[in-house]
Amino acid sequence: MVRALGWLSAVALALGLVMAFGVAPRESTQGNVQRIMYVHPPLAWVAYLAFGVVAVASIVYLARRRAGADRLAHASAEVGVVFTGLAIATGSIWGKPTWGTWWTWDARLTSVAILFVMYLGYLLLRGTIEDGERAARYCAVLGIIAALDMPLVHFSVYWWRTLHQPPSLMKPGGFSGSATILWPLLVNLAAFTVLYAYLVAKRARLLRAETEALA
Amino acid sequence: MSYARRAFVVAWKDLLVERRSKETLNALLFFALLLLFVFQFALGPDRERLAGVLPGVLWLGFILSGLLALGRTFLVEREHDCWEGLLLAPGDKSAIYVGKLAGNLALMAVVETLVLGLFVIFFDIDLARAFPGLPVVVALGTIGLAAVGTLFAAMTAHIRAREVLFPVLLLPVQVPVLLGTVKATEALLLGESLASVAHWIKLLAAADVVYIVAGLLLFDVILEG
Amino acid sequence: MPDNWGFVAAAYGLTAAVLLLYWRRLVRKEKELTAGKRIRHGHNQPPSDSAPSVAERSHQPSRTAHPRLDPDTKSSLPTNPTSRAPQS
């Protein structure tokens, strides 16, 4: 099952890559740099998805105390932090030629940066607590609080940036109708999601093997 | 013992300990004073530049003092081997959370009043026009900080790296509170009405509700062991 | 508007590199753990092992009928490459 996911994600990613360069046109205002927008939003989407999974798995763990739920939360947090870091990096790389600067506190980037720090805190907490059961419980609490906080973070950051500024920075890049832009984006979105599922499954399996090895 | 009474007992015990030892409060007040000096030295004597960053600096002062105060929430229990007492407490343990939160709020109120007073003196702020709004904003922000801080203090109480981990975990979660309070304070200090920052007030209030409810529900989980 | 292919390459390349490295790390750890498990499982076969042999990861008991107390068998085993093959 896990291996099937692996092959599926490889195929999907390859397809996404082909579409990003073969199907998608050269964008009129930004030039080819816009092609980064076929990886950056998918990475950001997975970053948030992974976080949602951490939250739900945490709730399930606290309700049922099933070790599998805790492993899922842990795995999703680890894979999530990788995707979040990449989302920030690709966003920054896109931003340099487009906005002229490596970093800007625009609403989207800031939110993702805060998400990144929350992930790091979660993993740090995991690493610091030796007792497995306590780590699972405490991380579940942290995961839930952080997830509840994210909508608040979103609004506050958005208002912080856009209330006295035109909201143009929050608009996603170029969705206006063109199918040749939409389809590569959607394919890559799906591909990265499958990749996420594959990596989480592998990581969770590894976690179970690690706990069994210690037993 | 009823829930409210248990919460009250916890808060009262903490405040009594504090009143007798004055350990935390004195150190915090002194810390706040020092922060003022540090901010002044870091930002330079330029009056106008100070005026621009004042709301941010004020809340930095509140948050830094808050981190110190909140981090010590369970210090007494930990150092005097009373943690097990908390674990074995009968009934809904969230009463302990309420008690600790109330104690923290009282402590923060004293510190913040002093910090605000010092700011007025040292940075020559006209507080009068900020007035009905500013206490509201400060109260909402402090509740948000303390609500999560008390929970995380319990979580990090037994971790060796707690002095580092506590702020690291708390600060990202507090971003909405920080943004909301600074923006609202900024507007209020410029003389604008509370109504003009209504959206921030609503955000802070919503955050406070979320944090307190989460704290009430999740505190038991922390105190399982 | 210049095309900035360097930036595009950087973004795609970084993404591919990091994801690939992470995936390889997972695969490698999994291999280590399954290899470790195989050694331990093979070692666990003879149930009558007592104290001394637990510290050693080898298959001595199942290959000889000798009790492990024989000092000779102990010293010859650890580096024996064929001990890898699981006896089970």
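Q: Tell me about the overall build of chain C, and please be specific about residues and values.
A: For chain C, the helix and strand inventory stands at 3 helices and 0 strands. Its helices and strands taken in sequence order, chain C reads α-α-α from the N to the C terminus. By residue count, 15% of the 88 residues in chain C fall in the buried class. Put simply, 31% of the contacts in chain C that link residues at least 6 apart link residues at least 24 apart.

Q: Provide a residue-level description of the overall build of chain A, including the pertinent values.
A: Along the backbone of chain A there are 6 helices and 0 strands. Helices and strands in chain A line up, N terminus first, as α-α-α-α-α-α. Taken against the 2.2 N^0.38 rule, which gives 17 Å for 215 residues, the C-alpha radius of gyration of chain A at 19 Å falls within 12% of a compact globule. Taking the principal axes of its C-alpha atoms as reference, chain A extends roughly 60 × 45 × 25 Å. When each of the 215 residues of chain A is scored for burial, the buried share is 48%. Here the contacts in chain A between residues at least 6 apart in sequence split such that 78% fall between residues at least 24 apart.

Q: Describe the packing of helix α7 (residues 133-156) of chain B against helix α8 (residues 162-173) of chain B, listing the residues and the values that go with them.
A: Relative placement of two packed helices is described by the angle separating their axes and the distance separating the axes. Residues and elements named next belong to chain B. The geometry of α7 relative to α8 is characterised by a closest axis approach of 10 Å and an angle of 145° between their N-to-C directions. Considering the relative orientation of α7 and α8, their crossing is right-handed. Of α8, the residues touching α7 (which contributes V148, G149, F152, A153 and T156) are R162, L165, F166, L169, L170 and V173. By residue class, the composition of the contact of α7 with α8 is 8 nonpolar, 2 polar and 1 charged.

Q: Describe the confidence of the model for chain A, and please don't skip the residues or the numbers.
A: Atom-level detail of predicted coordinates should not be read off regions where pLDDT is low. Residues and elements named next belong to chain A. Summary statistics for chain A give a mean pLDDT of 86 and a share of 91% for residues scoring 70 or more. Of all secondary-structure elements in chain A, the lowest mean pLDDT belongs to helix α1 (residues 2-23), at 82, while helix α2 (residues 40-64) reaches the highest, 95. The low-confidence segment residues 165-175, where pLDDT is below 50, has 14 contacts with residues more than four positions distant or belonging to other chains.

Q: An account of the interface of chain A and chain C is requested, with residue identities and associated values reported.
A: If you look at the interface, chain A gives 22 residues, while chain C gives 21 residues. Counting residues per element, the ones that place at least two in the side of chain A that touches chain C are α3 (67-99) and α6 (179-214) of chain A. Tallying contributions element by element places α3(A) first for the side of chain A that touches chain C, with 8 residues. Counted by class, the side of chain A that touches chain C contains 13 nonpolar, 4 polar and 5 charged residues.

The rules behind these values
- Residues numbered from 1 in each chain as written.
- Chains lettered and ligands numbered in written order.
- Predicted model: local features only at pLDDT ≥ 70, side-chain atom pairs only at ≥ 80, totals over all residues.
- Helix = DSSP H or I, 4+ residues; strand = E, 2+ residues; numbered from the N terminus.
- Buried ≥ 20, exposed ≤ 12 C-beta atoms within 10 Å, placed from the backbone.
- Contact = placed C-beta atoms within 7 Å.
- Rg over C-alpha atoms; globule rule 2.2 N^0.38 Å.
- Axes fitted to C-alpha atoms, helices over the stretch in contact; angles between N-to-C directions.
- Left-handed = near helix turned anticlockwise from the far one by under 90°.
- Nonpolar A, V, L, I, M, F, W, Y, C, P; charged D, E, K, R; others polar.
- pLDDT = per-residue confidence, 0-100.

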